[in-house]
Amino acid sequence: MEATEVPELILVFSGKRKSGKDYVTDWIQRRLGSEVCCILRLSGPLKQQYAQEHSLELDQLLGSGPYKERYRADMIHWGETRRRQDPGFFCRLATRGARQPVWVVSDARRLSDIQWFVSKFPQQTRSVRVQCSEETRTQRGWSFTAGVDDAESECGLDSGVQFDWIITNEADAPSLDEQLQPILKLAEEAASSSSSINRR
Ligand SMILES: Nc1ncnc2c1ncn2[C@@H]1O[C@H](COP(=O)(O)OP(=O)(O)OP(=O)(O)O)[C@@H](O)[C@H]1O
Ligand SMILES: C[C@@](O)(CCOP(=O)(O)O)CC(=O)O
């Protein structure tokens, strides 16, 4: 692996559907800038391949609307078949070619996802949980779906992980600005240590 492919910091985010993983990780990237921070979606290569095989709209599968929900249960099943053979399959594809010093992984779902990052990058990996109430998730378009919300894809990280940070993404919680300060601080330190290494 080339030196530039080893990041300074990896923030591995997880959270239930409509907890706001994309919203929060986009917010972090806007604050840090895309030169410093890339967003890596483990579901990116999965959706790409699934869309191709099933002649579906990739943009819609990548978005936050109802389209992807129609295919979610089948995509989960499709991805799990691949993960059973190789649990790191989507992690490897999603991280391929990432060059920024800070990687934000927006959608860990299974213990094996976090374990993959910890085993490859033990010094750099931190885990972040995004949470909010079911009422807020419902306002954002969520409704309970059997086979999805009670399956590993949604529940695989409900226990067994000591998260480094838990962010509450609710209107009546402290602002994201306030809650994300320690994470931004760490990321900014990581970015500046990377630029001083590159100047040497
Ligand atoms: N703090 C917030 N303020 C305003 N809108 C928000 C906030 N958090 C999330 N949303 C909105 O709620 C919806 C769901 O958020 P988002 O797509 O980030 O959730 P997610 O956890 O990534 O969901 P999924 O697992 O379905 O991809 C989006 O339309 C998003 O813009
Ligand atoms: C199929 C799947 O990758 C969909 C993820 O979609 P999203 O992150 O909720 O946009 C979930 C999974 O892998 O279990």
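Residues numbered from 1 in each chain as written. Chains lettered and ligands numbered in written order. Predicted model: local features only at pLDDT ≥ 70, side-chain atom pairs only at ≥ 80, totals over all residues.

Caption draft 1: Structural view of the site of ligand 2. Lining the immediate surroundings of ligand 2 are Arg17, Ser43, Leu46, Lys68, Arg72, Met75, Ile76, Gly79, Asp107, Arg109 and Ser153. Of all the elements in the fold, those that place two or more residues in the shell around ligand 2 are helix H2 (43-54) and helix H4 (66-85). For the shell around ligand 2, the element with the highest residue contribution is H4, accounting for five residues. (Near = placed C-beta within 6 Å. Helix = DSSP H or I, 4+ residues; strand = E, 2+ residues; numbered from the N terminus.)

Caption draft 2: Structural view of the UniProt feature "binding site: substrate" (unreviewed entry) in the protein. As annotated in UniProt, the feature "binding site: substrate" (unreviewed entry) corresponds to Asn169 in the numbering used here. For Asn169, a count of 22 C-beta atoms within 10 Å translates into the label buried. What Asn169 contacts, discounting residues up to four positions off in sequence, is Ser19, Gly20, Tyr23, Val24, Val130, Cys132 and Leu176. (UniProt positions renumbered as here; feature names shortened; annotations may be inferred. Buried ≥ 20, exposed ≤ 12 C-beta atoms within 10 Å, placed from the backbone. Contact = placed C-beta atoms within 7 Å.)

Caption draft 3: Here's a closer look at the site of ligand 1. By nearness alone, every residue bordering ligand 1 is listed as Gly15, Arg17, Lys18, Ser19, Gly20, Lys21, Asp22, Tyr23, Ser64, Arg140 and Asn169. Element by element, the count of residues in the shell around ligand 1 is highest for helix H1 (residues 21-32), at three residues.

Caption draft 4: Representation of the sheet that holds strand S3 (residues 102-105) in the model. Judged by pairing direction, the sheet is parallel, and its five strands sit side by side in the order S2-S3-S1-S4-S5 without closing on themselves. Since the sheet does not close on itself, it has two edges, and those belong to strand S2 (37-40) and strand S5 (165-168), each with one partner. Neighbouring strand axes in the sheet, compared pairwise and without regard to direction, differ in orientation by 25° on average. Where S2 meets S3, four bridges bridge the pair, whose relative direction is parallel. Note on S3: the bridge partner recorded for Cys38 is Trp103. Sitting on the sheet, H1 touches strand S1 (9-15), S2, S3, strand S4 (125-131) and S5, and the angle it makes with S2 is about 160°. (Pairing = 2+ DSSP bridges. Axes fitted to C-alpha atoms, helices over the stretch in contact; angles between N-to-C directions.)

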